[in-house]
Every structure is written in C-alpha cells, then in structure tokens.
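Each chain, written out:
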Amino acid sequence: MHVDFYGHVRQYHNIKSEIDANIQEVLESGKYVMGPMLARFEKELAEYFGMKHAIGVNSGTDALWLAFLALGIGPGDECITTANTFFATAEAIWFTGATAVFVDTDPRTNNIDPSKIEAAITEKTKAIVPVHLYGQCADMKAIRKIADKYNLYVIEDNAQAIGAHGDGFKIGELSDAVCTSFIIQKNLGTFGDGGAVITNRDDVDITVRKLRNHGSLKRSYHSPGFNSRLDDIHAGVLSAKLKHIDEWNDLRRKWAARYTAGLQEAESIVLPYEAPGYRHVYHLYVIETRRLGDRDKLLSFLNENGIDAKTHYPIAIHQQEGYPWDKSARIVGPLTNTERNAANCISLPMYPELTEEEVGYVIEKVLEWDRANA
Ligand SMILES: *Cc1c(COP(=O)(O)O)cnc(C)c1O
C-alpha cells in the first residue's frame, strides 16, 4: 500500500466542477490581475474571518512582510517569535530590516510559550509574532495581555490554521493583523502560491493594498511599493475551496482522532496535544519519538513501507547553517522544547481526502515499529 503525504489531486477531483467554473469565469472575463474575482474572494475571506478587510497577496511570506511594513516595523526593531516554525516567519521579519528574537515553545502545543515572552522584551521590541503551528492557535489571550502591557503589535502567522479558534477567542480578534498562506499544501490552498493579510485596521488595509501594487490605489498614482498581487485565477480556485474549508477541517479532525485513538498504546511516541476549548485544524499531525535517535529510524521504516511521512521542522531556524544572519539576532533561551521537537518530530499523512484503509494502515505500521522498538 502507498499513502501519499498530500491529497491535492483527489481534492481537485472532488470539487472539479466548482473550481473549473470559477477558472472559466476568470478566463472569459479577460480580467486576470486585480479583477472582480479577486475582489469577490477578498470579500468572502473577510466574511469568513468575521473581520473588516482581507487583502490578497502572492504568498504567505509576502503577507507577513507587507503586514510588518504596514505597521512600520523596520531596521532597529525586534519581533519576538519562535524558532520552531517554517523559515518564512523569521525571514519576513529579517527582510524588513528588523530582527527576529526567539523564545522557547510550550512543550505540549509547540506554540510560543507566553511565559517566556516578557524576558525577551527590550526598548527595541515592536511586535510579537505568534505562529499557530500545525493548525492549533497559540495562547492569544496571554499574548494580548503582554502586548497591552508593553504596547506591542501582534501579528498572527496563520499560514497553518485557517478555520481554527482558541478557547474563547477567534483568530484576528486579539491582533493587529492575521497573515495566511494559500500555497497548495495549506488547509486552503491554490494550485500555486498565494497569501492574504486579514485585518480590522483600516490603516493596515490601505497600506498593504498600496504596497502589493506598486504603491498605487489609483491608476498612474504611485508611492514606492512592490508587486505582490494574488492573481484572479488563484482567487477563483480559493473562492471555490473556501466553501468547503470547514467540512475539510472537520475531516482532518476526524482522521486526527483516529490516529490518536489508534496510537494510544504506542509507548515510544508522544501524540499531538489538543488544548481544551481549542479547535485544532491539523494542518499537520505531528508525533514525537520519545528516545533521541528514534525519529530517523521510524521515519525510514514508514517510508520503506510506502508511507510518505515527513518532518516539520527538523532544523529549527537558529540551527540553520549561517545563523545568525545579522549581529543583532538574539535568542532568549534555552530553546529546549524547540530543539526537542526538531529532533523528534514526524508528520503522518494528514488531509481530508485520506481513506479509512490508509489511516488504518499508517496506524498499523507505527504500532508494528513501536512493538519492535519500545
Ligand atoms: C507556509 C508558511 C509560511 C509561508 O507561506 P508561503 O505562502 O509559502 O510563502 C509562513 N509561515 C508558516 C508557519 C508557514 O507554514
């Protein structure tokens, strides 16, 4: 049996007529850049978040970068985040000229540990950038309290958690801006790259709209900006898919529950933790091996048995070759939990289009390895 890591083509086939219809509509309209399909998707996306504005851009990385710029973050500033994330979170901070300051994660959720943030704050700190890792929200209530106390911005890296919520809070409710990614492998993904900034702030909305389109809101009038637009064909794909996101996230949760029930007995691994009251949308289902050195063995065993398991993220950002890239980079450490997760993480196949047989097979193989190695 072979179990793929992604279900992109299955997903396309499941709603082919809806996606094709939207693409056709764009093709026939002759309006492919900043056209009506983009405007429609932006409106739908803002409504989905229950927020005022959504601005389509050409990647999640650009969404972060442009949101930072819109809030005035730049050289000399520091943003507090974690090193256990996709590289782009810190990369976007660095690209504004500011510095990413890393604090450790919570050992159970792998999200930023709010109790570590205050020790990292200096007069240069401008923002906290929580990542809703693997599809579960960071503790935004605790983060908001700290941000209020020190007058900091909060920008949510929501690339992995569209459709999630916390215990008594929604994404976007407690921050200045939410940044999301639509690259194909995300829970809401297009056939290529895309991203969006979602915000209730009118000033962020206007500035990001300008920055993504050569500093222009009106033809021929410019101030320095960039070209970072979400193409209308992608907006059409995303508009069709957005209608299914809640149902797809429910399926992810169903498969996660199956894995968690089926793997209870496995002594050599730790299963993902779902914080009470939170809706985890399982962008990734990440287990950890308990014994250092086991990860690569289990990963090879799964791969050899046709299971396309992967690792997210085996090299934390501060462990990348060449770190630190600027001399003001700081770690307020130790980053014990970050490093433990990097060393031990394995992502099992997780997407709505999995089947009972596939999930059952993955469980069987993990248990088989566990019995031989526990
Ligand atoms: C995917 C991702 C990004 C970057 O999004 P792109 O669309 O690939 O640029 C940023 N942060 C996190 C946590 C991600 O998972």
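Caption draft 1: Inspection of the overall build of the protein chain at higher detail. If you tally the helices and strands in the protein chain, you get twelve helices and eleven strands. A globule of 374 residues ought to have a C-alpha radius of gyration of about 21 Å, and the protein chain, at 21 Å, matches this closely. With respect to the three principal axes, the spread of C-alpha positions in the protein chain is 70 × 55 × 40 Å. Counting over 374 residues, the protein chain shows a buried share of 57%. Across the protein chain, every contact between residues at least 6 apart in sequence was considered, and the portion connecting residues at least 24 apart equals 72%. Only carbon and sulfur atoms are counted for the fraction: they give 52% of the accessible area of the protein chain, which is about 15,400 Å². Charge-centre separation for the protein chain: the mean point of 40 positive side chains lies 4 Å from the mean point of 51 negative side chains.

Caption draft 2: Spatial organisation of the pairing of strand E11 (residues 345–348). With burial as the criterion, each face of E11 is covered, one bearing Cys345 and Ser347 and the other bearing Ile346 and Leu348. Two elements, strand E9 (residues 285–289) and E11, share four bridges in a ladder whose sense is antiparallel. Counted as the bridge partner of Val286 is Ser347 from E11.

Caption draft 3: Structural detail: the nonpolar core. Membership of the largest hydrophobic core comes to 45 residues, with the highest contact counts inside it found for Leu45 and Ile117. Elements represented by at least two residues in this core include exactly helix H3 (36–49), helix H6 (140–150), strand E7 (195–199) and helix H8 (232–242). Tallying contributions element by element places H3 first for this core, with six residues. A domain-level breakdown of this core finds at least three residues from each of domain 1 (10–242) and domain 2 (245–373).

Caption draft 4: Looking closely at the sheet that holds strand E8 (residues 269–270). Pairing is antiparallel in the open sheet, where three strands are placed in the order E8-E9-E11. The sheet terminates laterally at E8 and E11, the two strands that pair on one side only. Note: E8 against E9, two bridges, orientation antiparallel. When the sheet's bridge partners are listed, Ile269 is paired in E9 with Thr289.

Caption draft 5: Examining the packing of H3 against H8 more closely. Orientation of H3 relative to H8, taken along the N-to-C sense of each, is 35 degrees, at an axis distance of 8 Å. Between H3 and H8 lies a crossing whose hand is left-handed. Seen from H3, the contacting residues are Pro36, Met37, Leu38, Arg40, Phe41, Glu44, Leu45 and Tyr48; seen from H8, they are Asp232, Ala235, Gly236, Leu238, Ser239 and Leu242. Its residues assigned to classes, the contact of H3 with H8 comprises nine nonpolar, two polar and three charged.

Caption draft 6: Here's a closer look at helix H4 (residues 60–70). Here H4 lies mainly inside the structure; nine of its eleven residues are buried. Gly60, Asp62, Ala63, Leu64, Trp65, Leu66, Ala67, Phe68 and Ala70 are the residues of H4 that are buried. Against the buried residues of H4 lie strand E1 (53–57), helix H5 (88–95), strand E5 (153–157), strand E6 (177–181), E7 and helix H7 (202–211). For H4, the side-chain oxygen to backbone nitrogen distance between the N-cap and Thr61 is 3.3 Å, and the N-cap itself is Ser59. At the C-terminal side of H4, Gly72 shows a positive phi close to 80 degrees.

Caption draft 7: Here's a closer look at the packing of aromatic side chains. In the structure shown here, the tally under the stated rule is 16 aromatic pairs. Consider the rings of Trp94 and Tyr323, whose centres lie 6.3 Å apart with planes at 65 degrees: the pair is edge-to-face. Of the two residues, Trp94 is situated in helix H5 and Tyr323 in the loop between helix H10 (294–304) and strand E10 (330–331); the sequence distance between them amounts to 229 residues. Across this residue pair, the class does not change: Trp94 and Tyr323 are buried.

Caption draft 8: A look at the side chain of Thr338. Here Thr338 shows up in helix H11 (residues 336–344). Residue Thr338 is classed as buried on the basis of its relative accessible area of 0%. The residues contacting Thr338, other than those within four sequence positions of it, are Ala83, Asn84, Asp104, Thr105, Ala316 and His318.

Caption draft 9: Geometry of the domain arrangement of the protein chain. Partitioning the protein chain into domains gives domain 1 (10–242) and domain 2 (245–373). A C-alpha centroid distance of 24 Å is found between domain 1 and domain 2. Facing the 51 residues of domain 1 at the interface are 46 residues of domain 2. Between domain 1 and domain 2, the buried area comes to about 4,000 Å², and carbon and sulfur atoms account for 53% of it. Looking at the side of domain 1 facing domain 2, the largest losses of area belong to Arg10, Tyr134 and Asn187, adding up to 18% of the total buried there. Inspection of the domain 1/domain 2 interface yields two salt bridges. The shortest N-O distance in the salt bridge between Arg330 and Glu78 comes to 2.6 Å. Summed over the shared surface of domain 1 and domain 2, the result is 36 residue pairs in polar contact (both at pLDDT 80 or more).

Rules behind the numbers
- Residues numbered from 1 in each chain as written.
- Predicted model: local features only at pLDDT ≥ 70, side-chain atom pairs only at ≥ 80, totals over all residues.
- Heavy atoms only, no water.
- Helix = DSSP H or I, 4+ residues; strand = E, 2+ residues; numbered from the N terminus.
- Rg over C-alpha atoms; globule rule 2.2 N^0.38 Å.
- Buried < 20%, exposed > 50% of the residue type's maximum accessible area, 1.4 Å probe, protein only.
- Contact = heavy atoms within 4.5 Å.
- Areas by Shrake-Rupley, 256 points an atom, 1.4 Å probe, with all protein chains shown as cover.
- Lys, Arg positive; Asp, Glu negative; His and termini not counted.
- Charge placed at Lys NZ, Arg CZ, Asp CG, Glu CD.
- Pairing = 2+ DSSP bridges.
- Core = buried A, V, L, I, M, F, W, Y, C linked by side-chain atoms within 4.5 Å.
- Domains from an automatic or database assignment.
- Axes fitted to C-alpha atoms, helices over the stretch in contact; angles between N-to-C directions.
- Left-handed = near helix turned anticlockwise from the far one by under 90°.
- Nonpolar A, V, L, I, M, F, W, Y, C, P; charged D, E, K, R; others polar.
- Polar contact = N/O pair within 3.5 Å; in protein donor to acceptor, adjacent residues only side chain to side chain.
- Phe/Tyr/Trp six-rings, centres within 6.5 Å; stacked < 30°, edge-to-face > 60°.
- Buried area = accessible area lost by both parts, 1.4 Å probe.
- Salt bridge = Lys/Arg side-chain N within 4 Å of Asp/Glu carboxyl O.

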